[in-house]
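Coordinate inspection notes
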Amino acid sequence: FSQEGSKISFVGAKVTMKHPGGFSKFAGKVITSDDGKTVKQVEVDIDLNSLWAANDGDGADKPNEKLTGHLKSADFFNVEKHPKGKFVSTEIKKDGDNFTVTGNLTFHDVTKSVTFPAKITADAGKVTAKAEFKINRHDWKLDYNGAIDNAIHDDVAILFDIQAK
């Protein structure tokens, strides 16, 4: 799958404002059972140079170029040195009507296991997966703290909406 019909985004925040953002270039694959009705693994490669960020309320159509540049700098993602991010699921378990996904998330050359709830459907040659969860950015060495009177929150919301054939 690719970014067409899919979305990988995030919401970071500081004391005074939220900053939605995302990645406009990514690709991946979904491995299903032979009948196509069970998702066995999801793998996503993210081009971190495609990162964008905005001020809350401005939307994806109005990225904040200064903020986007700062997030790409050595203070955060350091995309010049670490241009790729990756997620590879290690377990997908049915949990009632939903699923619990565990996998390895890599940013900044740091790989950590994450577990989160997801809605996944697989049938008729199409897979959809949606999730929203939080990570602590310091676990991936994204340690810039911001101004003393406008500190950046540790937790960042990760959201994805994947459409795959």
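Residues numbered from 1 in each chain as written. Predicted model: local features only at pLDDT ≥ 70, side-chain atom pairs only at ≥ 80, totals over all residues. Heavy atoms only, no water.

**Side note on the pairing of strand E8 (residues 110-123)**
Pairing of strand E7 (residues 98-107) with E8, which is carried by 9 bridges, proceeds in the antiparallel orientation. For Asn104, the partnering residue across the bridge sits in E8 and is Ser113. Hairpin geometry of E7 and E8 is characterised by an intervening segment of 2 residues between the two adjacent antiparallel strands and by a positive phi of about 60 degrees at His108. Once E8 ends, the chain turns through 2 residues before running back antiparallel as strand E9 (residues 126-136), passing Ala124 with a positive phi of about 50 degrees. (Pairing = 2+ DSSP bridges. Helix = DSSP H or I, 4+ residues; strand = E, 2+ residues; numbered from the N terminus.)

**Comments concerning the packing of aromatic side chains**
Evaluated as defined, the whole model comprises 8 aromatic pairs. Between Phe10 and Phe23, the ring centres sit 5.7 Å apart and the planes meet at 50 degrees, which makes this aromatic pair tilted. Here Phe10, found in strand E1 (residues 7-13), pairs with Phe23, found in strand E2 (residues 18-23); they are 13 residues apart in sequence, far enough to count as distant. Here Phe10 falls in the buried class, since its relative accessible area comes to 10%. Between Phe116 and Phe133, the aromatic rings sit 4.1 Å apart at their centres with planes inclined by 5 degrees, giving stacked as the arrangement. Of this pair, Phe116 sits in strand E8 while Phe133 sits in strand E9, and the two are 17 residues apart along the sequence. Among the aromatic residues, those joined into a ring-pair cluster are Phe10, Phe23, Phe77 and Phe107. (Phe/Tyr/Trp six-rings, centres within 6.5 Å; stacked < 30°, edge-to-face > 60°. Buried < 20%, exposed > 50% of the residue type's maximum accessible area, 1.4 Å probe, protein only.)

**Here we look at helix H1 (residues 65-72)**
Every buried residue of H1 is listed here: Leu67, Thr68 and Leu71. Considered in projection along H1, the buried side chains sweep an arc of 100 degrees and stay on one side of the axis. Opposite the buried face of H1, by more than 90 degrees, sit the exposed residues Glu65 and Lys66. Between the side-chain oxygen at the start of H1 and the backbone nitrogen of Lys66 there is a gap of 3.1 Å, and the oxygen is on Asn64. (Arc of directions from axis to C-beta. Polar contact = N/O pair within 3.5 Å; in protein donor to acceptor, adjacent residues only side chain to side chain.)

**Section: the pattern of salt bridges**
Within the structure shown, the criterion is met by 3 salt bridges. For Lys86, the salt bridge is made with Asp45, and the minimal N-O distance between the two is 2.7 Å. In this pair, Lys86 sits in strand E6 (residues 84-95) while Asp45 sits in strand E4 (residues 39-47), placing the two residues 41 residues apart along the sequence. Residue class for Lys86 comes out partly exposed when judged on its relative accessible area of 28%. Across the pair Asp161 and Lys130 runs a salt bridge whose closest N-O atoms are separated by 3.9 Å. Pair noted here: Asp161 is in strand E12 (residues 155-164) and Lys130 is in strand E9, with a separation of 31 residues, a long-range link. When its relative accessible area of 44% is taken as the criterion, Lys130 is described as partly exposed. Through salt bridges with shared partners, a single ionic network connects Glu43, Asp45 and Lys86. (Salt bridge = Lys/Arg side-chain N within 4 Å of Asp/Glu carboxyl O.)

**A few points about the sheet that holds E2**
Taken in spatial order, the 10 strands make up an open sheet running E3-E4-E6-E7-E8-E9-E12-E1-E2-E5, and their pairing is antiparallel. Only two strands of the sheet have a single partner each, and these edge strands are strand E3 (26-32) and strand E5 (51-53). Each neighbouring strand pair of the sheet contributes to a mean axis angle of 20 degrees, computed without reference to strand direction. In this fold H1 packs onto E1, E2 and E5, with an angle of close to 135 degrees to the strand it touches most, E5. (Axes fitted to C-alpha atoms, helices over the stretch in contact; angles between N-to-C directions. Contact = heavy atoms within 4.5 Å.)

**Side note on the nonpolar core**
Counting 41 residues, the largest nonpolar core has Phe77 and Phe116 as the members making the most contacts within it. A total of 6 residues in this core trace back to one element, the largest contributor, which is E8. Dropping the residues within four chain positions of it, Phe77 is found in contact with Phe23, Leu48, Leu51, Leu71, Lys72, His82, Phe107, His108 and Leu142. (Core = buried A, V, L, I, M, F, W, Y, C linked by side-chain atoms within 4.5 Å.)

Any link to function would need more than the numbers given here.
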